[in-house]
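Chain by chain, the residues run as shown.
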Amino acid sequence: MTDLLIAGGLTIDRFADGSTAPGGSVIHAGRAASAEGVRPTFVTVAGDEPEAREGLSILAAMGSVDHRPAGATTRYAHQEVDGRRVLVYEGAGGSIALEAVGPVGAIEAALLAPIADELPAAAVLALIDSVRPRLTVLLVQGWLRRLGIGEPARPLALGEIPDATWEAFAAADAIVVSTEDLAESPEDPFVEAAALRERLGPRPLLVLTLGAQGYLLDDPGADRVVASVPRRVVAGVPTVGAGDTFGAALAIHLGRGASPQVAAAAATERVIRVLESRRA
């Protein structure tokens, strides 16, 4: 049995000092899965650059890898503007067709985490239809970005997101999104959560992460939206990959049968541990 399938593209990340390194949701989610005792199956797309080969080696050390070759790997430059991380889209990569996932056995949970446009919305429905994971969790930041080469990635307004993408979101079991990825009402996450629920319909669990302020949990099976603020806040360390870490841990604990509130609390604790490890 495959406990967790993680799909998304690798990136080559360039930092302010000029250094580059492999990145992408799959790496951060994979590390979280390893910490939870899970050896995932990865489906990713990348080129043949040295950083991409290094990224594939990192994934192979954590699980099995279904690598889709591409002419180039998605590239982002990481900048900081007024204390906020800004991603500048520097190069496009390839795409992933999830209906072509090979036989991996029964899948408890699938975590789909695009970082650009490598996972078309149709791939979500194809995975659900052909592979039939028991649980499908989407980290939707890659579907919410307006991307132009050489330009900062900017959030799309909800009305700009195609109907086919909303259809794919609605078919999932859980959606995780950061308030930073949303264009509407960033000052009021409850308004953001309500706007998302209106578009999603009644089915998926929705978690809106708020950085150090915690998260909002909108469980369709409950009668209210729950706000959770962590007692421990880790400041002064890089938060890259925190959302991917949260999503992977959430998927794993939901897959193990935890309630949404218990799974979200466990995911928060996993993020805190990762951030604390960066103090060294």
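The rules behind each value
Residues numbered from 1 in each chain as written. Predicted model: local features only at pLDDT ≥ 70, side-chain atom pairs only at ≥ 80, totals over all residues. Heavy atoms only, no water. Salt bridge = Lys/Arg side-chain N within 4 Å of Asp/Glu carboxyl O. Buried < 20%, exposed > 50% of the residue type's maximum accessible area, 1.4 Å probe, protein only. Helix = DSSP H or I, 4+ residues; strand = E, 2+ residues; numbered from the N terminus. Pairing = 2+ DSSP bridges. Right-handed = clockwise from strand over helix to strand, strands pointing away. Expected span 1.5 Å × (residues − 1). Arc of directions from axis to C-beta. Contact = heavy atoms within 4.5 Å. Axes fitted to C-alpha atoms, helices over the stretch in contact; angles between N-to-C directions.

Draft legend 1. View of the pattern of salt bridges. Throughout the structure, instances matching the rule amount to 14 salt bridges. Note that D129 and R132 form a salt bridge whose closest N and O atoms lie 3.9 Å from each other. Judged by its relative accessible area of 52%, D129 is exposed. It is possible to trace a salt-bridge network through shared partners that takes in R232, E269, R273 and E276.

Draft legend 2. Region of interest: the pairing of strand β8 (residues 107–112). By the criterion of burial, β8 is predominantly enclosed, with six of the six residues buried. In this sheet, strand β9 (residues 135–139) lies alongside β8 in parallel orientation, the contact comprising four bridges. Looking at β9, one finds that A109 is bridged to L135. Crossover β8 to β9 through helix α3 (residues 121–130) is right-handed.

Draft legend 3. Highlighting helix α2 (residues 50–62). Taking 1.5 Å as the rise per residue, α2 with 13 residues should run 18 Å; its terminal C-alpha atoms sit 19 Å apart, in good agreement. Residues of α2 that are buried include every one of E51, A52, G55, L56, L59 and M62, and no others. Taken end-on, α2 shows its buried residues confined to a sector of 140 degrees, consistent with a single buried face. Turned more than 90 degrees away from the buried face of α2, the exposed residues are P50 and A61. As for α2, its buried residues are in contact with β2 (11–14), β3 (20–23), α1 (25–35), β4 (41–46) and β5 (64–69).

Draft legend 4. Here's a closer look at the sheet that holds strand β7 (residues 84–91). Spatial strand order, β3-β2-β6-β7-β11: five strands in an open sheet with mixed pairing. The outermost strands of the open sheet, each flanked by one partner alone, are β3 and β11 (151–152). As paired strands, β2 and β3 are joined by four bridges and run antiparallel to one another. Bridging across to β3, D13 finds its partner in A21. Here α2 sits on the sheet and contacts β2 and β3; the angle it forms with β3, its principal contact strand, is near 40 degrees.

Don't take any of this as a statement about function, it's just geometry.
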